[in-house]
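Fold and geometry: a report
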Amino acid sequence: MSKTYRSLKQFFSNFYLVFILIFLYAPIITMMVLSFNTSKSRTQWGGFTLAWYQQMLSDPNIISALYYTLLIAFVSALAACIIGTAAAIAIDSMKPVTKTIVLGVTNIPMLNADIVTGISLMLAFLAFGISLGFKTILISHITFNIPYVILSVMPKLKQTNKSTYEAALDLGAHPLYAFFKVVFPDIMPGVLSGFLLAFTMSLDDFIITHFTRGAGINTLSTLIYSQVRRGIQPSMYALSSVIFLTVLVLLLITNYRPRQKKSIHDTDALSGGAFHKNSLPERIQKSAMAAAAVMILFSVAFITFKKYTTASSNELYVYNWGEYIDEEVVAMFEEETGIDVTYDMFETNEEMYPVIEAGAVRYDVVCPSDYMIQKMIENDLLVEINFENVPNIHQINPTYLEMSKSFDPQNKYSVPYCWGTVGILYNTKRIQELGVEPPDSWHDLWNPALAGEILMQDSVRDAFMVALKDLGYSMNTADISQLQEAKQLLIDQKPLVQAYVIDQVRDKMIGGEAAVGVVYSGEMLYIQEEVQNLGLDYELEYVIPKEGTNLWLDSWVIPANAANKENAEKWIDFLCRPEIALRNFEYITYPTPNDGAFQLLEPELQNNKSIFPDLDHLEDSEVFQYLGDEDDAVYNALWKEVKSW
Amino acid sequence: MSKKLLSGPYVLWMIGFTIIPLALILYYGLTDRSGAFTLANIMAIATAEHAKALWLSLGLSLASTICCLLLAYPLAMVLRAKGVGAGSFIVFIFILPMWMNFLLRTLAWQTLLEKSGVINGFLALLHLPPQNMINTPAAIILGMVYNFLPFMVLPIYNVLSKIDDNTINAATDLGASSLQTFWHILLPLSVPGIISGINMVFVPALTTFVISNLLGGSKILLIGNVIEQEFTKGSNWHLGSGLSLVLMIFILISMALIAKYDKNGEGNAF
């Protein structure tokens with residue numbers, strides 16, 4: 001009886017353990033599988049490939065992000081170890097009251113919400129006048145790493161015998177010598193486990209880095225986040241798989257050693273035995289120290305090297321949308337002009353604006369959209385472009401300069417880069433299955449038959465555009481009753497909406513996740529190509545609703561505080577060259593306003609109406625205008641109501 | 001004496017990068033754009049959409065904390081019973097996933113849960129109807145449980161593994177059933193770990209904005225999303241700070257709980 005009970009219990013506990021392990025590792029295995037997937041889409045299996053592993057090694061963005069991630073994790077963990085161990089020793093000898101206070105404050109970064117920690121640090125850096133960048137990330141990581149070290153070292157200190165240290169002093173040892181000979185070996189496991197923990201936490205952090213990073217610096221987390229919107233590059237999965245397997249192998253090696261006889265009381269987190277000084281064999285400690293030393297040397301050398309090579313005065317800080325340029329073009333520009341380009345990305349206009357406004361990072365050239373350019377002009381954030389330095393401006397089709405006048409009345413501040421429309425993308429097969437006619441009106445997005453099949457845009461103005469156009473109002477209205485009506489419409493639509501997305505709409509539609517989605521026309525070429533490549537049994541069609549839509553323009557502008565204005569103009573001129581514009585068009589597939597480039601296109605593409613629609617048919621369409629801070633706040637508040645409904 | 005000096009760098013660091021930043025949040029939270037004192041940013045929590053977001057956040061994080069506790073406690077008991085000598089190895093198994101980026105892990109769940117995702121693929125193989133899992137509150141809870149489970153397991157495992165076997169044997173010898181042993185011995189002794197675990201799960205779950213974005217399809221607005229949007233999109237830092245101050249209240253409650261039940265830091269996760 002008791003035996004069967006026991007084996008039953010044994011069985012269940014094993015079963016439970018396996019269940020949890022599957023739960024923990026299923027996503028990781030998924031990711032590893034995806035790293036071998038030919039298709040970029042997360043939901044379609046396109047065949048086995050190793051291409052992403054090659055691409056990972058040749059992608060400078062990934063390599064640089066990996067480098068910064070490891071460097072920051074290592075340096076911050078090391079600094080936290082030094083400061084934290086010293087602090088732990090001091091705290092250990094403090095009076096109880098002081099001790100409680102100090103330990104209380106120590107707990108703050110650990111217990112506080114990451115978002116609050118991140119924001120508070122960002123506010124502090126701006127207040128101290130420290131520009132956001134590598135050092136601010138490093139400082140932030142050290143800040144949240146120290147508590148982990150202190151908390152790992154403190155218990156070890158409690159176990160040390162204070163008399164041995166005093167004995168060493170009595171015997172004439174210098175305090176430092178005594179510390180390293182007597183105390184340090186005892187607390188070493190705590191320091192090491194603190195280091196490992198700090199390293200892991202730093203590596204895994206996203207939120208705090210998100211708020212404290214600056215121009216041209218990405219860790220893996222922030223790089224991934226910037227890719228989430230437009231679809232993750234599978235090379236990211238490849239890299240993560242490599243990191244994961246490396247760590248796994250390292251752990252297996254360090255853990256695979258002759259079993260020491262241990263009783264259960266000795267098990268202690270991470271260090272593997274609080275009461276076992278020998279649990280980390282000396283040679284492992286030594287090799288860890290050696291590895292640490294090598295990495296420090298390497299890092300210092302690399303930083304000085306970087307400093308030295310980027311010290312040239314000839315530089316340019318570019319701030320552009322994610323995946324909105326052919327990387328080759330940047331390299332070509334650097335080669336031709338000898339200018340060092342620091343390239344940085346944003347995901348939304350709204351996210352870009354405060355960065356420029358606060359001047360936390362000084363960009364030389366930025367690529368916002370229409371209404372945001374107007375806002376920046378009105379708030380004196382831009383400087384006029386000297387068109388003598390941009391002779392290629394005549395390559396831009398005058399129609400688009402005319403369009404630009406709605407936000408830049410005298411064409412003084414901006415040079416069009418891409419333009420397009422917003423429309424409905426629909427899955428022909430899915431629509432048929434649901435028994436719905438192909439959409440041709442915004443109103444089709446309120447069709448109850450499409451419940452759970454609609455992907456809406458997750459940004460205020462785009463979402464309201466859909467509702468306002470459906471109601472027959474201007475999408476630039478500030479009339480509160482019209483806006484209330486639109487809000488109510490959006491709330492009514494919410495139960496039908498599957499998700500509010502930004503650029504993920506592309507991957508989701510390709511994957512067949514939804515029947516209809518609101519998309520930017522620029523994604524069309526890529527989408528249709530991908531559907532073909534994958535040999536899917538459905539087609540995705542694009543339609544501009546009959547009520548009219550949003551005509552948008554993304555243009556290059558120069559912020560007023562730009563330090564390298566002439567380089568910025570060289571950059572703009574370079575991008576206006578027909579062959580460069582063509583190259584960019586082929587990469588990003590957003591319609592180009594560059595006439596020279598348009599003429600170089602295949603007739604088939606020139607006549608593709610979903611990419612280059614006839615402008616005469618779009619008389620009901622509008623370009624977004626900036627409505628002023630107060631009306632913006634109204635829009636934001638109404639949108640928040642929709643989102644929280 | 002010289003030992004006290006060792007805390008110098010840390011104390012300076014703490015003041016510079018923990019206390020002053022928090023003071024700034026307080027400053028922003030209590031002023032408006034013109035710099036005048038106001039309570040409006042804090043009272044804003046009472047508006048319908050903020051209150052709803054906070055309420056929803058509280059509900060979801062509470063649910064995920066309970067799920068974590070229910071999953072973690074038996075797990076910690078199993079691990080203890082196994083008495084696997086290499087305690088560190090177990091911990092490694094739970095820390096290891098963290099080396100795969102947090103965002104990627106969460107995205108992977110998207111792949112698993114989607115309509116045409118992996119799980120529905122399996123269901124189709126078994127001729128079961130597809131389930132609608134993604135973009136629901138349940139998906140968000142799952143994401144929270146997944147990401148924060150280790151922070152519940154480790155502290156509980158830590159306190160459980162420190163309980164002397166003899167204590168349990170004594171209880172059994174004196175005729176206690178395994179349920180009684182659990183109720184009167186294991187559970188009371190593991191309270192510090194439980195409290196610490198609850199904190200380590202509840203606070204990050206309460207304030208997350210990434211998980212709700214990725215697994216909730218941005219349809220579900222949590223208080224973390226509101227704050228993040230005020231800082232990055234709405235550019236109303238005063239309101240964002242004010243709402244952060246409201247969140248701090250919950251964090252302070254957590255800290256007070258820890259101070260009460262886990263005086264000696266026994267329940268530390270690591």
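Thresholds, definitions, all that
Residues numbered from 1 in each chain as written. Chains lettered and ligands numbered in written order. Predicted model: local features only at pLDDT ≥ 70, side-chain atom pairs only at ≥ 80, totals over all residues. Helix = DSSP H or I, 4+ residues; strand = E, 2+ residues; numbered from the N terminus. Buried ≥ 20, exposed ≤ 12 C-beta atoms within 10 Å, placed from the backbone. Contact = placed C-beta atoms within 7 Å. Nonpolar A, V, L, I, M, F, W, Y, C, P; charged D, E, K, R; others polar. Pairing = 2+ DSSP bridges. Domains from an automatic or database assignment. Right-handed = clockwise from strand over helix to strand, strands pointing away. Axes fitted to C-alpha atoms, helices over the stretch in contact; angles between N-to-C directions. Parallel < 35°, antiparallel > 145°, perpendicular 65-115°, else oblique. Expected span 1.5 Å × (residues − 1). pLDDT = per-residue confidence, 0-100.

1. Structural notes on the overall build of chain B
Summing up its helical and strand segments, chain B has 14 helices and 0 strands in all. Listing every helix and strand of chain B by position from the N terminus yields α-α-α-α-α-α-α-α-α-α-α-α-α-α. Projected onto its principal axes, the C-alpha positions of chain B cover 70 × 70 × 30 Å. When the 270 residues of chain B are sorted by exposure, 51% land in the buried category. Taking the contacts inside chain B whose residues are at least 6 apart along the sequence as the reference set, 76% of them involve residues at least 24 apart.

2. With respect to the interface of chain A and chain B
The interface of chain A with chain B comprises 94 residues on the first partner and 90 residues on the second. Residue classes in the side of chain A that touches chain B are distributed as 56 nonpolar, 25 polar and 13 charged.

3. Quick look at the environment of Ile163 of chain B
By the element assignment, Ile163 of chain B lies in the loop between α8 (137-162) and α9 (165-173). Aside from chain neighbours lying at most four places away, what touches Ile163 of chain B is Ile168, Leu186 and Leu189 of chain B.

4. Details of the pairing of strand β9 (residues 540-543) of chain A
Residues and elements named next belong to chain A. Only one face of β9 is buried, namely the one carrying Leu540 and Tyr542, since none of Glu541 and Val543 on the opposite face is buried. As judged from the 4 bridges shared by strand β5 (residues 415-427) and β9, these two strands associate in the antiparallel manner. Across the sheet, the residue bridging to Leu425 is Tyr542, located in β9.

5. A short note on the domain arrangement of chain A
Residue and element names in this part refer to chain A. When the domains of chain A are assigned, the result is domain 1 (53-255 + 268-305), domain 2 (319-418 + 552-635) and domain 3 (421-547). If you look at the interface, domain 2 gives 19 residues, while domain 3 gives 20 residues. Take the side of domain 2 that touches domain 3: its biggest share by element is 3 residues, from helix α26 (residues 629-644). Class assignment for the residues of the side of domain 2 that touches domain 3 results in 10 nonpolar, 5 polar and 4 charged.

6. Observations regarding helix α18 (residues 460-470) of chain A
All names here are of chain A. Across the 11 residues of α18, 10 count as buried, placing the element largely inside the fold. Every buried residue of α18 is accounted for by Val460, Arg461, Ala463, Phe464, Met465, Val466, Ala467, Leu468, Lys469 and Asp470. If you follow the buried residues of α18, they end up packed against β6 (454-457), α19 (480-493), β8 (516-520), β10 (550-556) and α26. A positive backbone phi angle near 85° is found at Gly472, which sits one or two residues after α18.

7. Considerations on unusual backbone geometry
Positive phi, normally seen in glycine, also occurs at Asp380 of chain A, with a value near 55°. Relative to the assigned elements, Asp380 of chain A resides in the loop between α15 (370-378) and β4 (382-383).

8. Description of the pairing of strand β2 (residues 340-346) of chain A
Residue and element names in this part refer to chain A. Sheet topology places strand β1 (residues 315-321) next to β2; 7 bridges connect them, and they run parallel. Its bridge partner lying in β2, Tyr319 is registered against Asp344. Following the backbone out of β1, through helix α13 (residues 327-337) and into the adjacent parallel β2, one traces a crossover that is right-handed.

9. Some points on the environment of Asn447 of chain A
Mapped onto the fold, Asn447 of chain A is located in the loop between α17 (428-433) and β6. Placed 46 residues apart in sequence, Asn447 of chain A and Gln493 of chain A show a C-alpha to C-alpha distance of 8.9 Å.

10. Some details on the packing of helix α5 (residues 114-128) of chain A against helix α2 (residues 8-29) of chain B
α2 of chain B packs onto α5 of chain A with a crossing angle of 90° between their chain directions and a minimal axis gap of 8 Å. For the element pair α5 of chain A / α2 of chain B, the angle class is roughly perpendicular. Residues Val116, Ile119, Ser120, Leu121, Leu123, Ala124 and Ala127 of chain A of α5 of chain A form the contact with α2 of chain B, whose own contacting residues are Phe17, Ile20, Pro21, Leu22, Leu24, Ile25 and Tyr28 of chain B. Taken together, the residues of the contact of α5 of chain A with α2 of chain B sort by class into 13 nonpolar, 1 polar and no charged.

11. Comments concerning α2 of chain B
In this model, α2 of chain B (22 residues) spans 30 Å end to end at C-alpha, consistent with the 32 Å of a helix rising 1.5 Å per residue. For α2 of chain B, every residue scored as buried is listed here: Tyr10, Met14, Phe17, Thr18, Pro21, Leu22, Leu24, Ile25, Tyr28 and Gly29 of chain B. The secondary structure elements touched by the buried residues of α2 of chain B are α3 (60-92), α4 (96-111), α5 and α6 (134-159) of chain A together with α3 (40-43) and α14 (237-261) of chain B.

12. Digging into the environment of Phe92 of chain B
All names here are of chain B. Secondary-structure assignment places Phe92 in helix α5 (residues 87-95). Under the C-beta neighbour-count criterion, Phe92 is labelled partly exposed, with 19 such atoms within 10 Å. Between the C-alpha atom of Phe92 and that of Pro130, which follows or precedes it by 38 residues, the distance is 35 Å.

13. Describing the packing of α18 of chain A against α19 of chain A
Residues and elements named next belong to chain A. Between α18 and α19, the shortest axis-to-axis distance is 9 Å and the interhelical angle comes to 105°. Here α19 runs roughly perpendicular to α18, going by the angle between their axes. Here Ala463, Phe464, Ala467, Leu468 and Asp470 of α18 lie close against α19, whose contacting residues are Gln482, Ala486, Leu489 and Leu490. Its residues assigned to classes, the contact of α18 with α19 comprises 7 nonpolar, 1 polar and 1 charged.

14. Things to note about the sheet that holds strand β3 (residues 365-366) of chain A
All names here are of chain A. Pairing within the open sheet is parallel, and its 3 strands lie in the order β2-β1-β3. Only two strands of the sheet have a single neighbouring strand rather than two, namely β2 and β3. By the bridge criterion, 2 bridges tie β1 to β3 in an arrangement that is parallel. Within the sheet, the bridge partner assigned to Tyr319 lies in β3 and is Val366.

15. Topic: the confidence of the model for chain A
All names here are of chain A. Scored by pLDDT, chain A has a mean of 84; 89% of the residues are at 70 or more. Ranking the elements of chain A by mean pLDDT puts helix α12 (residues 282-309) last, at 57, and α19 first, at 95. Contacts of residues 258-281 to residues separated by more than four positions or lying in other chains number 45 contacts, the stretch itself having pLDDT below 50.

16. Here's the deal with the confidence of the model for chain B
Residue and element names in this part refer to chain B. Mean pLDDT over chain B works out to 84, with 91% of the residues at or above the 70 mark. No element of chain B has a lower mean pLDDT than helix α1 (residues 2-5), at 68, and none a higher one than helix α4 (residues 48-82), at 91. Across the interfaces of the predicted complex, the ipTM metric reaches 0.85, alongside a pTM of 0.83.

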